[in-house]
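So you can see what is in the structure, the chains are spelled out below.
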Amino acid sequence: MEYNRKQVNIIVNSALEAKMVRLANRVGVSGYSITPMRTGQGSTGLQTSSSEGDSNILFMMIITFDKMEQMIAEIQKIKDRSYPLRVFINDTYVMDEKDFH
Amino acid sequence: MNLSSLLIPAVLFFALGFLAKLIKSDLKFPDGMAKGLSIFLLIGIGIKGGVALSQAEFLPALNSVLAALVLGFATPILAFVWLNKLGKVGIFDSAAIAAHYGSVSAGTFLVAIAFLDSMGQTYESYPLIMLAIMESPAIIIGLLLAIYARSQMAKLNNNSDPESISMKSLLHEALTNGSVVLLLGAMLIAYLVPADNLKSVIPFYKEMFMGVLSLFLLEMGMEAAKKINEFKKAGLVLITFGITMPIVGALIGLVVAHYWLGFSIGGVFLVMVLAASASYIAVPPAMRMAIPEANPSYYLTLTLGLTFPFNVVVGIPLYYHIAQALVG
């Protein structure tokens, strides 16, 4: 069994959720999942989900290598405007390849 | 001013939440409950405002709206000058924090109403309208300050001004953020619906209101206590600002409410609280979008961890005392 897709994970403030969805749609990814992050701490301080501005989400997509490269290029543009996004990418295996692109 | 003025359930539940975190209790609210409670409270206060508006006279109401706009635009500019020019705080952090202090905290306002109710003190209904109006202007000022900050940084670095968030999208954010939509929407509904038809929902929003406020403040007490460890990052200048800016704001509110609007003690006190409070619900997400260069831990720590507890415990009795001394 070989890895056949990339899992792109983005931790971002929930205020930017709509922006991330628009970006994914623009790049044409086949799907995504959004999970609320209850609490966390990092370079931008403690996040406790007390309000929208204090809540992070995990925006996750499983996509092809080509789509991943497009997403990275677009995310870099957002990061260049100082938005604190955290991105990490894993190799992954999916059984239904046609559903993940 | 005496200690009994603090003996209202909402304040004590706030203290209980704060204490629970300090003693490392495992007390925890279900995820998203505070957000749910704040929706109830905003609709409740909107309905109260709408009923008040339906009985209000046009000219005083218009005057209150104008005063709210003046406060909403002037306070963040004053806060920005204080932070950036006097306190030498970074230009982006100054802009983002200033926007929070120009907007208002519905939670603080509701505690102030509970405070007045506990003493049987009457008040004008116009501050309820001002609450809804004052949510938005500071967000717009925050964006304008951010545009100014970026142009200053670009000049300093000899760069062209980097692409910034458009005025259109921030205006959209300022005028359509959840708090504003709920407050204005509920106000409009209560204004339009005949009093007899409104009776069916009044018990839900009126009789339960103070109980729900207690729950909300219990959670906010826990949230405020969680931010305590963040203070060391904020530094002395910001901590001083977080305590003195509300007092300055309250004094500006006092001048506006007494000399311009001619309110009674209760009304003057409520406008002081509006001008003294800092937003921790509506503005943080807007500033996340508008000024990503600013450090969110500064504005969240200051507004929720410092200014909100200060206003609830010290500010509210203090502002009332000042209003009473001047107006009474």
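Since the model is a prediction, treat every value here as computed from it, not as a measurement. What you see as residue numbers is a count from 1 along each chain, following the sequence as written. Chains carry letters and ligands carry numbers; both start at the beginning, A for chains and 1 for ligands, and go up in the order they are written. Side-chain atom pairs in this predicted model are given and counted only at pLDDT of 80 or more, local residue features only at pLDDT of at least 70, and totals for whole chains, interfaces and linings cover all residues.

Visitor: I'd love a proper account of the overall build of chain A, names of residues and values included.
Guide: Within chain A one finds two helices and six strands. Counting from the N terminus, the helices are DSSP H or I runs at least four residues long and the strands are E runs at least two residues long. Across chain A, helices and strands are ordered from the amino to the carboxyl terminus as β-α-β-β-β-β-α-β. Burial in this document is a count-based property: other C-beta atoms within 10 Å of a residue's C-beta are tallied, and the residue is buried at 20 or more, exposed at 12 or fewer, or partly exposed in between, with C-beta positions derived from the backbone. Counting over 101 residues, chain A shows a buried share of 29%. Pairs at least 24 apart in sequence give 74% of the contacts found in chain A among residues at least 6 apart. Think of it this way: build a C-beta for each residue from its backbone, and any pair within 7 Å is a contact.

Visitor: Explain the overall build of chain B to me, using residue names and the numbers behind them.
Guide: Secondary structure summary: chain B contains 16 helices and zero strands in total. Restricting the calculation to C-alpha atoms gives the radius of gyration, and the globule rule supplies 2.2 Å times the number of residues raised to the power 0.38. On C-alpha atoms alone, chain B measures out to a radius of gyration of 19 Å, which is about the 20 Å that the 2.2 N^0.38 rule sets for 328 residues.

Visitor: Help me get a handle on the sheet that holds strand 6 (residues 86–92) of chain A, residues and values and all.
Guide: All names here are of chain A. Note on pairing: DSSP must find at least two bridges between two strands before they are called paired. One open sheet holds the four strands; their spatial order is 2-5-1-6, and the pairing between them is antiparallel. Whereas interior strands pair on both sides, the edge strands pair on one side only; in this sheet they are strand 2 (33–37) and strand 6. Across the sheet, the mean angle from the axis of one strand to that of its neighbour is 20°, orientation sign disregarded. Bridging between strand 2 and strand 5 (residues 56–63) involves five bridges; their strand directions are antiparallel. Its bridge partner being in strand 5, threonine 35 is matched across the sheet by leucine 58. In this analysis an axis means a line fitted to C-alpha atoms, helices contributing only their contacting stretch, and an angle means the value between N-to-C directions, from 0 to 180 degrees.

Visitor: Lay out the environment of serine 103 of chain B in plain terms, naming residues and giving numbers.
Guide: All names here are of chain B. With respect to the element layout, serine 103 can be found in the loop between helix 4 (91–102) and helix 5 (106–119). With 177 residues separating them along the chain, serine 103 and tyrosine 280 place their C-alpha atoms 9.0 Å apart. Here serine 103 is in contact with Met134, Glu135, Ala138, Ile139, Ser279, Ala282 and Val283, once residues within four sequence places are set aside.

Visitor: Give me the lowdown on the environment of glutamate 57 of chain B, citing residues and values where you can.
Guide: Within the element layout of this structure, glutamate 57 of chain B appears in the loop between helix 2 (33–54) and helix 3 (58–86). Separated by 266 residues in sequence, glutamate 57 of chain B and alanine 323 of chain B have C-alpha atoms that sit 24 Å apart.

Visitor: Go over helix 9 (residues 178–192) of chain B, please, and point to the residues and values.
Guide: Residues and elements named next belong to chain B. A helix's residues, less one, multiplied by 1.5 Å, set its expected span. Compared with an ideal rise of 1.5 Å per residue, which puts 15 residues at 21 Å, helix 9 spans 21 Å between its outermost C-alpha atoms and is within 8% of the ideal. Those residues of helix 9 lying buried are Ser179, Leu182, Leu183, Leu184, Ala186, Met187 and Ala190. Tucked into the core, helix 9 has its buried residues touching helix 2, helix 5, helix 6 (126–133) and helix 10 (195–198).

Visitor: A description of the confidence of the model for chain B should follow, citing residues and the corresponding values.
Guide: Residues and elements named next belong to chain B. Here chain B averages 87 in pLDDT, and 94% of its residues register 70 or above. The pLDDT value tells you how sure the predictor is about a given residue, anywhere from 0 up to 100. Predicted confidence in chain B is weakest over helix 8 (residues 167–176), with a mean pLDDT of 70, and strongest over helix 14 (residues 265–276), with 97. Here the predicted complex carries an ipTM of 0.70, next to a pTM of 0.82.

Visitor: A description of the nonpolar core should follow, citing residues and the corresponding values.
Guide: Residues and elements named next belong to chain B. As used here, a nonpolar core is made of buried Ala, Val, Leu, Ile, Met, Phe, Trp, Tyr and Cys residues. They are joined through C-beta atoms within 7 Å. Core analysis: the biggest nonpolar cluster contains 127 residues, and Ala95 and Met272 have the highest contact counts within it. Here this core takes 13 residues from helix 16 (residues 296–327), the largest share from any one element. Ignoring any residue separated from it by four or fewer positions in sequence, one finds alanine 95 in contact with Phe80, Gly142, Leu145, Ala146, Ala149, Ile291 and Ala294.

Visitor: Give me the packing of helix 2 of chain B against helix 9 of chain B: which residues, what numbers.
Guide: All names here are of chain B. One can describe the packing of helix 2 onto helix 9 by two numbers: an axis separation of 7 Å at closest approach and a directional angle of 40°. Classed by the angle they form, the pair helix 2 and helix 9 counts as oblique. In this structure, the crossing between helix 2 and helix 9 has a hand that is right-handed. Taking contact as the criterion, the partners of Ile39, Leu42, Ile43, Ile45, Gly46, Ile47, Gly49, Gly50, Val51, Leu53 and Ser54 in helix 2 are, on helix 9, Ser179, Leu182, Leu183, Gly185, Ala186, Met187, Leu188, Ile189, Ala190 and Tyr191. Gly counts as polar in this scheme, as do all residues outside two lists: the nonpolar Ala, Val, Leu, Ile, Met, Phe, Trp, Tyr, Cys and Pro, and the charged Asp, Glu, Lys and Arg. Of the residues assigned to the contact of helix 2 with helix 9, the class counts are 15 nonpolar, six polar and no charged. If an angle is under 35 degrees, it is roughly parallel; if it is over 145, roughly antiparallel; if it lies from 65 to 115, roughly perpendicular; otherwise it is oblique. Left-handed is the label given to a crossing in which the near helix is rotated counterclockwise from the far helix by less than a right angle, and right-handed is the label when the rotation is clockwise.

Visitor: Describe helix 3 of chain B, with residues and values.
Guide: All names here are of chain B. Across its 29 residues, helix 3 extends 41 Å between first and last C-alpha, which sits within 8% of the 42 Å expected from 1.5 Å per residue. When helix 3 is considered as a whole, its buried residues turn out to be Ser64, Ala67, Ala68, Leu71, Gly72, Thr75, Pro76, Ala79, Phe80, Trp82, Leu83 and Asn84. Elements that come into contact with the buried residues of helix 3 comprise helix 4, helix 6, helix 7 (137–156), helix 13 (231–260) and helix 14. Note on helix 3: the residue one or two positions beyond its end, lysine 88, has a positive phi of about 60°.

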